[in-house]
Amino acid sequence: FADRIFEVWCLHQLGKSFERLGGRHRVEPTLARAGSLPAMAFEVRGRVVELFFQRSLPVDQLRYSYENGSELRGQPDTTLVRDDGRVLLFDAKNRLATRDTRPEETFKLLGYFESLVPSVEGDAMLVFVGDTLRRTVSSETRTVELLAAPAEVDWARKFDGQLDEA
């Protein structure tokens with residue numbers, strides 16, 4: 001239950017970040033539309049960005065399936081889709097980041113792109129609980145940002161600044 005609360009809190013923080021960037025709400029925020037319709041949508045800097053919560057990723061060309069033929073599907077916590085089709089996959093991990101690399105979670109997000117939506121342009125962001133994590137993993141075509149939501153009294157304000165910068 002605490003993991004889901006952290007995911008919803010991160011979604012809320014993403015919305016607040018767009019507001020601080022001057023974004024105007026295009027739809028009223030609600031989790032009632034989770035999945036197929038955006039939980040939030042903003043117009044910011046001349047672009048429309050939709051935020052989907054717990055939305056299954058589309059499968060362009062199925063590369064993996066179970067032995068019974070059912071699809072191997074991915075579902076990031078939040079998927080941001082810009083009006084030009086570019087995406088940001090956002091995964092919140094309610095885990096303490098005790099080291100500066102997180103290969104298991106990073107490969108999971110890269111796997112979403114490479115196995116499920118290889119034709120989509122986009123990047124990813126992982127958020128953990130911690131004080132100092134700020135790393136970037138990149139290739140010629142993808143970037144994964146790793147951030148930590150500080151686990152201290154003033155953590156929300158510090159995280160807001162990190163999220164805005166990323």
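For the structure, see preceding data.
Remember, it's a predicted structure, so these values are computed and weren't measured experimentally.

### Digging into the sheet that holds strand E3 (residues 47–53)
Here is step 1 of the chain: Spatial strand order, E1-E2-E3-E4-E5-E6-E8-E7: 8 strands in an open sheet with mixed pairing. Single-partner strands in this sheet number two, and they are strand E1 (24–27) and strand E7 (134–138). Strand after strand, the sheet turns through a mean of 20° between neighbouring axes, direction not considered.
Here is step 2 of the chain: Sheet topology note: the strand E4 (residues 78–82)/strand E5 (residues 87–96) ladder contains 4 bridges and is antiparallel. Paired with Leu80 across the two strands is Leu88, which belongs to E5.

### A short note on the pattern of salt bridges
Here is step 1 of the chain: Enumeration over the complete set of coordinates arrives at 11 salt bridges.
Here is step 2 of the chain: For Arg26, the salt bridge is made with Glu43, and the minimal N-O distance between the two is 3.2 Å. Highlighted residues: Arg26 in strand E1 and Glu43 in strand E2 (residues 40–44), separated in sequence by 17 residues.
Here is step 3 of the chain: Taking the relative accessible area as the measure of exposure, Arg26 reaches 48% and is therefore partly exposed.

### Points about the nonpolar core
Here is step 1 of the chain: Counting 21 residues, the largest nonpolar core has Phe6, Cys10, Phe18, Leu51, Leu80, Phe90 and Val127 as its most contacted members.
Here is step 2 of the chain: Put simply, the parts of the chain that give this core at least two residues each are helix H1 (2–20), E2, E3, E5, strand E6 (122–129) and strand E8 (143–149).
Here is step 3 of the chain: Counting 17 residues, the second-largest nonpolar core is a separate cluster that includes Phe52, Leu89, Phe113 and Ala124.

Conventions and cut-offs
Residues numbered from 1 in each chain as written. Predicted model: local features only at pLDDT ≥ 70, side-chain atom pairs only at ≥ 80, totals over all residues. Heavy atoms only, no water. Pairing = 2+ DSSP bridges. Helix = DSSP H or I, 4+ residues; strand = E, 2+ residues; numbered from the N terminus. Axes fitted to C-alpha atoms, helices over the stretch in contact; angles between N-to-C directions. Salt bridge = Lys/Arg side-chain N within 4 Å of Asp/Glu carboxyl O. Buried < 20%, exposed > 50% of the residue type's maximum accessible area, 1.4 Å probe, protein only. Core = buried A, V, L, I, M, F, W, Y, C linked by side-chain atoms within 4.5 Å.

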